[in-house]
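# Understanding the architecture of this molecule
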Amino acid sequence: MLEIRNLTKSYGDILALDRFSLDLGKGEVLGLLGPNGAGKTTLISILAGTLADFSGTVTFQGRNLFADRALKNRLGIVPQDMAFYDELSAMDNLLFWGGLYDVPRAELKRRAAELLERVELAGRAKEPVKKFSGGMKRRLNTAIGLLHHPDLLLLDEPTVGIDVQAKVSILDIIRNAGASGTAVIFTTHQLAEVETTCSRIAIMDHGRILAQGTLDELVRIVGERDIVEITGEFAAGPFSEALQDIAGDGIELLSVADNLASLAVAATEQIPRIMDRLFRRKLAVTDLKIKSPNLETVFLKLTGRSLRD
Amino acid sequence: MTMRRAKRILHVAGNDLRIMVGDKAFFFWTLAFPIFFIVMFGLLYKSGENAPAVAELTVVNLDEGRWGGYFVEKIKAPNLTIKTADAEPAEYSRLLVLPADFSARIEARRDQALAFKKRSGASVKAAARVETRLYQSIARVISELVLYGEGDLTKFLDGHPEFRDIVRVESRFPEKTVTVVPSGFDHSIPGTTIQFIMMMVIIYGGVTVLEDRKKGVLARMLFSPLSTADVFQAKLLGRWSLGFLQALMLIVVGKIFFGLNLGSLPLALLVIAVFALAMAALSVFIGSLCTKEDMIIGLAVLLANMFAGLGGCWWPNEIVPPAVRRVAMISPAHWAMDALHKLRFFQGGFADILPNLGVLLALSVVLAVVAGRAFKIRD
Ligand SMILES: Nc1ncnc2c1ncn2[C@@H]1O[C@H](COP(=O)(O)OP(=O)(O)O)[C@@H](O)[C@H]1O
Ligand SMILES: [Mg+2]
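All residue numbers here refer to positions counted from 1 along the written sequence of the relevant chain. Naming scheme: in the order in which they are written, chains are lettered from A and ligands are numbered from 1. Residues qualify for local features only when their pLDDT is at least 70, as the model is predicted, and side-chain atom pairs are given and counted only at 80 or more; totals for whole chains, interfaces and linings, by contrast, use all residues. Hydrogen atoms and water are omitted, and side-chain values are computed over all heavy atoms in the structure.

## Concerning the site of ligand 1
Residue and element names in this part refer to chain A. How we decide: Near is defined per residue: the residue qualifies when any heavy atom it owns lies within 4 Å of the molecule or strand. Polar contacts, as counted here, are pairs of nitrogen or oxygen atoms within 3.5 Å of one another; within protein the pair requires one atom able to donate a hydrogen and one able to accept it, and residues that are adjacent in sequence qualify only if both atoms are side-chain atoms. Computed with the Shrake-Rupley method and a 1.4 Å probe, the accessible areas treat only the protein chains shown as cover for residues. Secondary structure elements follow DSSP: runs of H or I of four or more residues count as helices, runs of E of two or more count as strands, with numbering from the N terminus.
All residues adjacent to ligand 1 are Tyr11, Ile14, Ala16, Pro35, Asn36, Gly37, Ala38, Gly39, Lys40, Thr41 and Thr42. A distance of 2.7 Å separates an oxygen atom of ligand 1 from a polar backbone atom of Gly37. Starting from 560 Å² of accessible surface for ligand 1 in isolation, the protein chains cover 61%. Those elements giving two or more residues to the shell around ligand 1 turn out to be strand E2 (14-24) and helix H1 (40-48). With three residues, H1 is the single largest residue contributor to the shell around ligand 1.

## What to know about the pattern of salt bridges
Between side chains of opposite charge, a pair can form as their charged atoms come close. All names here are of chain B. Put simply, the rule reads: Any carboxyl oxygen of Asp or Glu within 4 Å of a side-chain nitrogen of Lys or Arg constitutes a salt bridge here.
Taken as a whole and judged by the stated rule, the model has 40 salt bridges over all chains. A salt bridge links Arg105 to Asp111; the nearest nitrogen and oxygen atoms lie 4.0 Å apart. Measuring nitrogen to oxygen at the nearest pair gives 3.5 Å for the salt bridge that ties Lys342 to Asp338. Within this pair, Lys342 and its partner Asp338 are both found in helix H13 (residues 332-345), separated by four residues, close to a single helical turn. A single network of salt bridges, built from pairs that share partners, joins Asp16, Asp212, Lys235 and Arg239.

## Observations regarding a nonpolar patch on the surface
Formally: Patches here: salt-bridge-free residues with over 30% relative accessible area, like charges joined within 9 Å, nonpolar side chains (Val, Leu, Ile, Met, Phe, Trp, Tyr) joined within 5 Å.
On the surface, Tyr135, Ile138, Ile142 and Val146 of chain B cluster together into a nonpolar patch covering about 400 Å² of accessible area. Structurally, Tyr135 of chain B can be placed in helix H5 (residues 124-148).

## Observations concerning the interface of chain B and chain A
Filter applied, for reference: Whether two residues are in contact is decided by their heavy atoms: any pair within 4.5 Å suffices. The buried area of a pairing is the accessible area, by a 1.4 Å probe, that goes missing from both parts when the two are put together, added over both. Residue classes follow a fixed rule: Ala, Val, Leu, Ile, Met, Phe, Trp, Tyr, Cys and Pro count as nonpolar, while Asp, Glu, Lys and Arg count as charged, and any other residue, Gly among them, counts as polar.
Listed as interface residues are 23 residues of chain B and, on the opposing side, 28 residues of chain A. With both chains or domains summed, chain B and chain A bury close to 2,300 Å², and 56% of this area falls on carbon and sulfur atoms. It is Lys215, Arg220 and Phe223 of chain B in chain B that bury the most area against chain A; as a group they hold 34% of the surface buried on that side. Seen at the junction of chain B and chain A, the total is four salt bridges. The salt bridge involving Arg4 of chain B is made with Asp102 of chain A; its shortest N-O contact spans 3.4 Å. Put simply, chain B and chain A have twelve residue pairs in polar contact (both at pLDDT 80 or more) between them. Within the residue set of the side of chain B that touches chain A, elements represented by two or more residues are helix H1 (3-21), helix H7 (185-215) and helix H8 (217-223) of chain B. Here the side of chain B that touches chain A gets eight residues from one element, more than from any other, and that element is H1 of chain B. Taken together, the residues of the side of chain B that touches chain A break down into nine nonpolar, five polar and nine charged.

## Brief notes about the domain arrangement of chain A
Rule in force here: Domain segmentation is taken from an automatic or database assignment of domains.
Split by domain assignment, chain A resolves into domain 1 (2-219) and domain 2 (224-292). Inter-centroid distance (C-alpha atoms) of domain 1 of chain A to domain 2 of chain A is 39 Å.

## Looking at the pairing of strand E1 (residues 2-11) of chain A
Residue and element names in this part refer to chain A. The cut-off we apply is this: Two strands are said to pair when DSSP picks up at least two bridges between them.
In this structure, E1 lies alongside strand E4 (residues 55-60), joined through five bridges in antiparallel fashion. Within the sheet, the bridge partner assigned to Ile4 lies in E4 and is Val58. Looking at chain direction, E1 and E2 are connected through seven bridges and run antiparallel. Its bridge partner lying in E2, Tyr11 is registered against Ile14. Connecting E1 to the antiparallel partner E2 that follows it, the hairpin turn spans two residues, and Gly12 within it adopts a positive phi of roughly 60°.

If you want it as C-alpha cells, here you go:
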C-alpha cells in the first residue's frame, strides 16, 4: 500500500537520500535502522510533506501521496521534535491536534481519553504538559499521531532519550498499531527495539537501504560465523595492515576504529593467527570477545560503523 | 474555500488566541498597564476644552435707564445662561457690567465702555461663545439705532417695533480652523488602544510564530490536511483576533469607567479592525524574520512606541506643527487615530474616514504579502 521509488534529496552537496526505494504492506511494522546522518529524518519529512525539492515518487493506497491532500487524513506522523503546546494540557493537545483531521468531535474526545489511558497519562491529562517528564512528553508526542487512526504511521526516533518504562509503552503502541492493520515505519538507532518490535528491518546509510528482511534473513548475511570483538591500544590503520595478508582467508574485517575492531571468523581456530599478527606488530590487545552473529554485527558489516558512533 | 478547510483554519486561529490569552501576564499587559496610560494621558490632555453645553454669564446691570434691560434681552440665547447680580460677585465664570449711565450715554449718542471679565481657568471655549454673543448684541443694537436715525432716542423703546431686530448677526468659523482639540479620555482611550494593539500583537503574535516554528509545531500542522497557506491564514486570523480583543477590552472598560464616547462605535470598530489586520500581518512578518524572542520584543517596543508617539496616540496630532503631521503619515497609528478623531471630534462619517481605511487596508495587503513571503515552516 506504500511504494517509494527512487526518492532522491540533496542539501547542497550533501546527498541525504540516494534513489531510496521501499515497499510496505498493510499491518507491516518496518524498523528503519541507520546511524546518525543516514537520511532517516529526511525520508520521514518528505513522506510527511514538510520537505520540498526532491525527486522520485511515492504511491500510497494507489494514489500519488503528494498530489492528494485528503490522503493526509490516512497518514499519522510522530516527529522527532516534541512538537506540541507546552502550555496546554495533554487532553487539550490531543483535542487540538486531532481537530485538524476529519474526526467528529465526540469521537475525538472518546479516542483521546482512550489513548491517554493507553500511554498511561490519564491521571495527569489535565495538567499543563510543561510539567511532564521527558518520557511522558514522548508518550504524548506519540499519541498525537494516532488520534485519527491512520493507515500508515511514521515515527522518527520515537524512543530517543527516555526511560525504559516509556520506551516499553511506545513500542507497545507500535506493535498494537501493526496488529490492528496499520502499516508502520519507525526509525531508530537502537537495535534491541527493532529486534522485538518489527516484522521487517531495513538498514540504511548514505541515503539508501543496504539490506532488508526479517531478523533471521539479515543475520544470515553475516553467515554461520563467529564474531570477534577486539579492544586494545591501536590505531585503525596499523590494525588493518597487520591483518591484510590473512583477511579473506576465513577472516573478514567487519569494522575497524581506533582501539576497537570487529571481525567475522569461520572458526574460532583462526583467533591465534590473528593474535599472532597483532603481537608481531606490537599492537596491544586488552580485551577479546567472541559473539554469535546478531543484528549489530550485520549493521557493522553493512555500514562499517557502530550504532553508538 | 471548503467548509472543512475554513473550519480547520478557525480551529488553529482559535487555539492561537487561547494560547496567547492564557499567558500568565496577558491581562496585566493588555488591561492593567494600558489603563495606566489611559488615565495618565487622559488627565494630561484634559484641558478646559470640553466646554459645558451651556455657557454662563453674570450681568451686573447698574443702568439707571431702560436701555440696560433692553440690551440684556438682546444677549439672551439658548446656549447661554444669564445670571443677574447687584454688584460684582465673589465667584463667576464671566461678568458683564453695564454702568449707571448706560442709557444716558446711548440717548446722548455718546461713546461708552462696558467691562467684560473672565475668570482664569474657566472654559476658554465657553468664554469665546459668550464674547461672540456680546458682539452680536452690540452690533444689533447699534444697527437699530443707526436705522432709527435722528429721532428722539428716549421715545425709541415706547414704540417703533419696525426698527427692532431687523439685523441678524451670525458668526461662523472659517472651514478647517481647528475649533476642537481632541483631549480627555475620548482621546486617550483610542490612543492607548491603538498603541497596545501594536505592542501586544507584535510581541505575542511574533513570539508565538517564532516558538511554533522552533518547536516544530508549524511543521506538524502540515502533517494534517492543512497547507502552508492555510497555516499562514490561521496565524493572521489568530493575531487579528488578539488585536481586536485587546481593543474590545479597553473600549468596554472605557465605556463603563470613563464615559467613553467614540462618535460612532461601529465605524470606530471598523477602523480598529483594519488597523489590527495590518498589525497581525506585521507580527507574522517579524516573527518569521527574527530568530530570537528578544529581537521581537525589542522591535515591538521600538515600533509600537515610535508609531504611537508619531501617530498621535499620546498627544493629539492636531496640536503638532504641520511639518510633524506630514512625517506622522509614515506611522500606521496616525491613520487610525486621525480616523478615530474625525469620528469623535469632527463630526466625521464613513465618507470622511474612507481615505484612512484605504491607507490602512493597502498597508495590510502589503504587509500580508511580505509576511507571506517571509513565512516559513521551519528554520
Ligand atoms: N536542513 C539541512 N541542511 C543541510 N543538510 C542537512 C539538513 N538536514 C539534514 N542534512 C544532512 O542530510 C543528511 C541526512 O540527515 P538526516 O535525514 O537528518 O539523518 P538521520 O535522521 O538519519 O540522522 C545528513 O548528512 C545531514 O547532515
Ligand atoms: Mg534524524
